[in-house]
Amino acid sequence: MADKQHLYLVDGSSYIFRAYHRLPPLTNPQGTPVGAVYGYTTMLWKLADDLHKADGPTHLAVILDASGVSFRNEIYDQYKANRPEPPEDLKPQFPLIRDATRAFSLPCIEEEGLEADDLIASYARAAAKRGWDVTIVSGDKDLMQLVGEEVEPDDGFAPGKVDMLDTMKNQRIGIPEVIEKFGVPPEKVGDVLALMGDSVDNVPGIFGIGPKTATKLIQEHGSLQAALDAAPDMKKSKLKERLLEGREMAELSRVLVQLKEDCALPMQLDDLKLDAVPKEPLAEFLAHHGFTSLLKRLDGGTGSPARKTDLHPAKQDNQARAAAPEGSRQALPEMPPVDCSAYECVQSMERLEHWIARAFAARKVALDTETSSLDALQASLTGISLALGPNDACYIPLGHGGTDMFAEKPEQIGRDAALAALKPLLESDAVLKIGQNIKYDLNVLARHGIAVAPVDDTMIISFALDAGRSMDGIGGGHGMDELCQRHFGHTPIAFKDVCGTGKKAIPFGEVPLDRATEYAAEDADVTWRLHRLLHPRLAHEGSTRIYERVDRPLIPVVAEMERNGIRVDRAALARLSEEFATRIGEIEAEVHEIAGQEFTIGSPKQLGEILFDKMGYKGGRKGKSGQYSTDQAMLEKLAAQDDAPIAQKVLDWRQLSKLKSTYTDALQAAINPETGRVHTSYSLVGAQTGRLSSTDPNLQNIPIRTEIGRQIRTAFVPEAGNVLLAADYSQIELRLAAHMADVPPLKEAFARGEDIHARTAEELFGHVDRDTRARAKTINFAILYGISRWGLATRLGTEPDEAQAMIDRYFERFPGIQRYIVATLEGVRERGYSQTLFGRKTWFPRISSKNQAERQGSERAAINAPIQGTSADIIKRAMVRMLPALQDAGLGNVKMLLQVHDELVFELPESEVEAASKVIEKVMGEAALPAISLDVPLAVEIGHGTSWDAAH
DNA sequence: GGCCGAACGTA
DNA sequence: GTACGTTCGGCCC
């Protein structure tokens, strides 16, 4: 590699617009307007002519916009919406740009879902990292963000320079020219653009802020974020108001103007090598369009770019590929196989500093913590692994050895010193930290005073892409081992193979360092590889918005909620346990008395035999297990029809046993000894629809429906002087159904604050009473859950025929509902997934199953998923905005503790209830905006008190 | 010790 | 009829 490589990236799309406006109208012999094409052709000619000249291209590609829609349209549906139609005499010239490029035998690259700017950014970055110089042929100000020098060349390369060439003005644009234009260096151009907006692309920016003010703000504050953060403390002014008002728009704009630098490259860099331009097919093209002066130069051979006429075989291949783009399918990034022997065990501060420096340079690092427990809030830190690339990973042991006081501890850096060294890296805005379920690592490190940010999470990225996507034999989970197996065909070392399982398990800190390094560093390595593979798919597959705007920002919010925990009154739970135990004992004796023998009431098998074999009640065997059914419905039937006293007693016994074992006993055991509070763990990938799920303990199913169960909620209490505040969305799923299915009567009823089930009863039955309202309520829910005549019949206690008549009537009164169901199912059958209003996908691979039960099950789930999922998206958006909103209102003391699907629970000083309620209601009520403007209001009900029960 | 189904708590 | 998680008994290895 003697000479420096120099890649020219031609921004073809923007060029043609400028050429059109600058050049006189011109038509070819067929009468097609070709003025812009001519301008474009002369530019390519000139570039090709510069081959082998100083600063001329050695490699060249033309980048085009594939179509009007990119991932930015998902983020902001108004993106480029104002762009006027191109002039009539320009339209036919677009396809000719590709013809012209092919005539020069040059690669022409475009990708669905990506704009030319993103591909240019990605190629520029990739080339510069290899030490190539890059020239972007364009005048587009957005691309000026890219000018400069690569700060993280791949190992062994000198940094490559990136500049721009405006062929219209014949001007080179380097860092000084960018500063001259924007007043800030290239890396801050994006911040300026985000503030000033762009009327052509319809990037909103902040209303009233133009280039001058934007530049001034960034110069003063250093960054967009800093300027926005400083706004509340500015002295009262129009500008302050505009900044506060426009914060969200500015942040949105920042995302819109951000160029994607990590797109998968449709063609390898080496394939862009610029060889001599063959005479054909260029001559034919020039002749066809009547570009005779160029044709003469080509024929004359003087100053023409065609020095050789032999067609390079590879070039021919490139040309074919460029001519027939294969949709958005891309080659996977190539990565070497996992090699666990390649990892380093970092045992000295010197080596740690080396890794930290390299991580800063790489600007992204995969991270994994090893601990003593799955509970992030009790675990102690055993070690940290980092990865910077495939097989480029290390493990930093921090807490190995020590169980055996007499054994010598392995050599390792002191934990506090290591964490102090890592803290700037882990907290640096400039370095992306990638984790697999990084919320866990966030919580572990938060307990050591480290606020890890910014983060990406491969588990959540996988979920955004592939929720529900499991086929027979292939799991649909998002755990690392499963993802690694599915995507790389590699099985990482299993934790249980390192630490054992059950009684024989040893803590990770007892694992020998060589073995620990293999395991831990491999996890970071695999996480890095997963990110490289999965993250580019977000943009390609239309899931950027849901990930970037909803799930990703939610990670630190939920982590904080988990750390907050909620106080429970142990003594109150203990009293309830006692009461329940006594009553359970009494009932047990009565049941045994009636049965005439002792048996295990909690065994459905034994209970069934007692009820149906011994006592002779009528009831059928059921299912493949061959067991009698003894569920609630059956026991209630026995109690009512056969007047069986034992049935009611078993029901009472079951209720109390459930409450005692699952709640009053288990919750006491779940109290964290350090905090005295209960800390649940939320899963962000637990429910296919996008809902959160809660485990260890599950705080999303604390009883509320029965008086006796409700007592458990009285044990959830605030600290002295505080109160608990519960804010619920009222009927959110029905409201969303009314909006999404477009049901005018239901929308009106919600707009007027009417009783929605009563309104439904009026529509269906013509009058409202207790009975018709109850039936209407049942039907409303049946709709949300994907209706079937059998299911509805069970709930209504009628025959399936009658239920079907009811469904027909419902569809007749609310035709939008039927249209929604049909359209949703058609969409899922066609695309394979459903989508929420915010673009979250859920896959339904069994939607066309030959098995009827399976297929119908998928259909019901597919009808429900957009509604349940949109509701989940909305409350998640509210959660993301909640803490900043409270902070802005001076309510930094308010803590968000729990989420229960349509409810948020807070703890706060009693004196702040009024002020906080206002903020909470506003944030929740407006959570769909500005992305989605619902036709129905989102009503929020708020209560507070000295227990969770009292807050309702 | 680990896994599965039945049962039941929530939205 | 949707979406979850936990407990228990019963059974397997």
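Each value, and the rule that gives it
- Residues numbered from 1 in each chain as written.
- Chains lettered and ligands numbered in written order.
- Predicted model: local features only at pLDDT ≥ 70, side-chain atom pairs only at ≥ 80, totals over all residues.
- Heavy atoms only, no water.
- UniProt positions renumbered as here; feature names shortened; annotations may be inferred.
- Helix = DSSP H or I, 4+ residues; strand = E, 2+ residues; numbered from the N terminus.
- Buried < 20%, exposed > 50% of the residue type's maximum accessible area, 1.4 Å probe, protein only.
- Contact = heavy atoms within 4.5 Å.
- Areas by Shrake-Rupley, 256 points an atom, 1.4 Å probe, with all protein chains shown as cover.
- Pairing = 2+ DSSP bridges.
- Axes fitted to C-alpha atoms, helices over the stretch in contact; angles between N-to-C directions.
- Near = heavy atom within 4 Å.
- Polar contact = N/O pair within 3.5 Å; in protein donor to acceptor, adjacent residues only side chain to side chain.
- Nonpolar A, V, L, I, M, F, W, Y, C, P; charged D, E, K, R; others polar.
- Parallel < 35°, antiparallel > 145°, perpendicular 65-115°, else oblique.
- Left-handed = near helix turned anticlockwise from the far one by under 90°.
- Phe/Tyr/Trp six-rings, centres within 6.5 Å; stacked < 30°, edge-to-face > 60°.
- Core = buried A, V, L, I, M, F, W, Y, C linked by side-chain atoms within 4.5 Å.
- Salt bridge = Lys/Arg side-chain N within 4 Å of Asp/Glu carboxyl O.

- The name given to chain A in an unreviewed UniProt entry is DNA polymerase I, with Croceibacterium atlanticum as the source organism.
- Chain A has a UniProt comment under Sequence similarities (unreviewed entry) that states "Belongs to the DNA polymerase type-A family."
- Under the UniProt heading Function (unreviewed entry), the entry covering chain A gives this text: "In addition to polymerase activity, this DNA polymerase exhibits 3'-5' and 5'-3' exonuclease activity."

A short note on the overall build of chain A
- Scanning chain A from N- to C-terminus turns up 35 helices and 26 strands.
- Expressed as a percentage of the 952 residues in chain A, the buried residues total 53%.
- For chain A, the share of sequence-separated contacts (at least 6 apart) that also reach a separation of at least 24 residues comes to 70%.
- Just so you have it, chain A exposes about 42000 Å², and 50% of that area is on carbon and sulfur atoms.

Notes on the sheet that holds strand β21 (residues 722–729)
- The 4 strands are arranged β24-β25-β21-β26 in an open sheet whose pairing can be described as antiparallel. This sheet does not close on itself; its edge strands, each paired only once, are β24 (895–899) and β26 (940–945). The sheet shows a mean angle of 25° between the axes of neighbouring strands, taken without regard to direction.
- In this structure, β24 lies alongside strand β25 (residues 903–909), joined through 4 bridges in antiparallel fashion. Looking at the pairing, Leu898 lines up with Val905 of β25.
- Against the sheet, helix α34 (residues 852–888) engages β21, β24 and β25, with an angle of about 15° to β25.

Section: the protein's contact with DNA strand B
- By nearness alone, 21 residues border DNA strand B, and Thr501, Thr630, Ile704, Arg705 and Asp902 come closest of all.
- Among atoms of DNA strand B positioned within 4 Å of the protein, sugar and phosphate together represent 74%.
- Take Lys503: an N or O atom from its side chain is 3.3 Å from a phosphate oxygen of DNA strand B.
- Here the element with the most residues in the surface near DNA strand B is helix α25 (residues 645–669); it accounts for 3 residues.
- Classifying every residue of the surface near DNA strand B gives 6 nonpolar, 8 polar and 7 charged.

What to know about the pairing of strand β4 (residues 133–137)
- Counting buried residues in β4 gives 5 out of 5 residues, a clear majority hidden from the surface.
- Both faces of β4 are covered, namely the face carrying Asp133, Thr135 and Val137 and the face carrying Val134 and Ile136.
- As paired elements, strand β1 (residues 6–11) and β4 share 5 bridges and run parallel to each other. The residue bridging His6 from the neighbouring strand is Asp133, located in β4.

Comments concerning the packing of helix α18 (residues 480–488) against helix α20 (residues 513–540)
- Packing of α18 against α20 brings their axes to within 10 Å, and their N-to-C directions diverge by 60°. Between α18 and α20, the interaxial angle falls into the category oblique. When the axes of α18 and α20 are compared, the crossing they make is left-handed. Together, Met480, Leu483, Cys484, His487 and Phe488 of α18 and Asp523, Val526, Thr527, Arg529, Leu530, Leu533, Leu534 and Arg537 of α20 make up the contact between the two elements.
- Across the contact of α18 with α20, the residue classes tally to 8 nonpolar, 2 polar and 3 charged.

Remarks on the sheet that holds strand β13 (residues 455–457)
- As summarised here, the arrangement of the 6 strands in space is β8-β11-β10-β9-β12-β13, forming an open sheet in which the pairing is mixed. Every interior strand has two partners, whereas the edge strands, β8 (344–345) and β13, have only one.
- In this structure, β8 lies alongside strand β11 (residues 392–397), joined through 2 bridges in parallel fashion. Along β11, the bridge assignment pairs Glu344 with Cys394.
- Lying on the sheet, helix α14 (residues 349–362) is in contact with β8, β9 (364–371), β10 (381–389) and β11; it crosses β11 at an angle near 135°.

Regarding the packing of aromatic side chains
- Under the definition given, this model contains 13 aromatic pairs.
- Ring centres of Tyr38 and Phe291 lie 4.9 Å apart, and the angle between their planes is 75°; on these two criteria the pair is classed as edge-to-face. Separated by 253 residues along the polypeptide, Tyr38 in helix α2 (residues 35–49) and Phe291 in the loop between α11 (279–289) and α12 (292–300) bring together distant segments of the chain.
- Exposure remark for Tyr38: the relative accessible area of 25% places this residue in the partly exposed category.
- By relative accessible area, which is 3% here, Phe291 ends up buried.
- Judged by centre distance (5.9 Å) and plane angle (65°), the ring pair of Phe495 and Tyr519 falls under edge-to-face. With a gap of 24 residues between them, Phe495 in helix α19 (residues 495–499) and Tyr519 in helix α20 connect regions that are remote in the sequence.

Quick word on the pairing of β9
- Among the 8 residues of β9, 7 are classified as buried, and the element is accordingly described as predominantly covered.
- Examined bridge by bridge, β9 and strand β12 (residues 432–435) share 3 bridges and lie parallel to one another. Counterpart to Ala366 in the pairing with β12 is Ile434.
- Of the pairings in the sheet, the one linking β9 to β10 comprises 6 bridges and is antiparallel in character. What sits directly across from Leu367, in β10, is Leu386.

Points about the packing of helix α29 (residues 756–765) against helix α30 (residues 770–784)
- Where α29 contacts α30, the axes come no closer than 8 Å and their chain directions differ by 100°. By the angle between their axes, α29 is roughly perpendicular relative to α30. Side by side, α29 and α30 meet where Ile756, His757, Ala758, Thr760, Ala761, Leu764 and Phe765 of the first sit next to Thr772, Arg773, Arg775, Ala776, Lys777, Ile779, Asn780 and Phe781 of the second.
- Residues that form the contact of α29 with α30 fall into these classes: 8 nonpolar, 4 polar and 3 charged.

Digging into the nonpolar core
- In terms of nonpolar packing, the biggest core is built from 177 residues, with Ile384, Ile396, Tyr729, Ile874, Leu886 and Phe906 touching the most fellow members.
- The leading source of residues in this core is α34, at 12 residues.
- Counting residues in hydrophobic clusters, the runner-up holds 59 residues, among them Val134, Cys263, Met267 and Ala539.

Describing the pattern of salt bridges
- Tallying each qualifying case throughout the model produces 52 salt bridges.
- Note that Arg759 and Glu748 form a salt bridge whose closest N and O atoms lie 4.0 Å from each other. Within this pair, whereas Arg759 is found in helix α29, its partner Glu748 is found in helix α28 (residues 744–751), the two being separated by 11 residues in sequence.
- Given the relative accessible area of 15%, Arg759 is considered buried.
- Between Arg752 and Glu754 there is a salt bridge, and its shortest N-O distance comes to 3.4 Å.
- Residue Glu754 is classed as partly exposed on the basis of its relative accessible area of 31%.

What about the environment of Lys188?
- By the element assignment, Lys188 lies in the loop between α6 (175–182) and α7 (189–196).
- The spatial distance from the C-alpha of Lys188 to the C-alpha of Leu224 is 8.5 Å, given a sequence separation of 36 residues.
- Other than its neighbours up to four places away in sequence, Lys188 contacts Ile218 and Gly222.

Considerations on the environment of Thr491
- With respect to the helices and strands, the residue Thr491 is situated in the loop between α18 and α19.
- Overall, the relative accessible area of 56% leaves Thr491 in the exposed class.
- It is 9.7 Å that separates the C-alpha atoms of Thr491 and Val338, two residues lying 153 residues apart in sequence.
- A distance of 2.4 Å separates the side chain of Thr491 from the side chain of Gln485, its partner in a polar contact.

Focus: the protein's contact with DNA strand C
- Inspection of the region around DNA strand C gives 30 residues, with Ser603, Asp696, Asn698, Ala782 and Arg795 positioned closest.
- Atoms of DNA strand C within 4 Å of the protein: sugar and phosphate make up 75%, bases the balance.
- Asp696 places a polar main-chain atom, nitrogen or oxygen, 2.9 Å from a phosphate oxygen of DNA strand C.
- Secondary-structure elements contributing two or more residues to the surface near DNA strand C are α23 (604–614), α25, β19 (693–695), α30, α31 (789–796) and α34.

Focus: the side chain of Glu733
- Here Glu733 is to be found in helix α27 (residues 732–740).
- Ignoring anything within four residues of it in the chain, the contact list for Glu733 reads Arg691, Leu784, Asn864, Ile867, Gln868 and Ser871.

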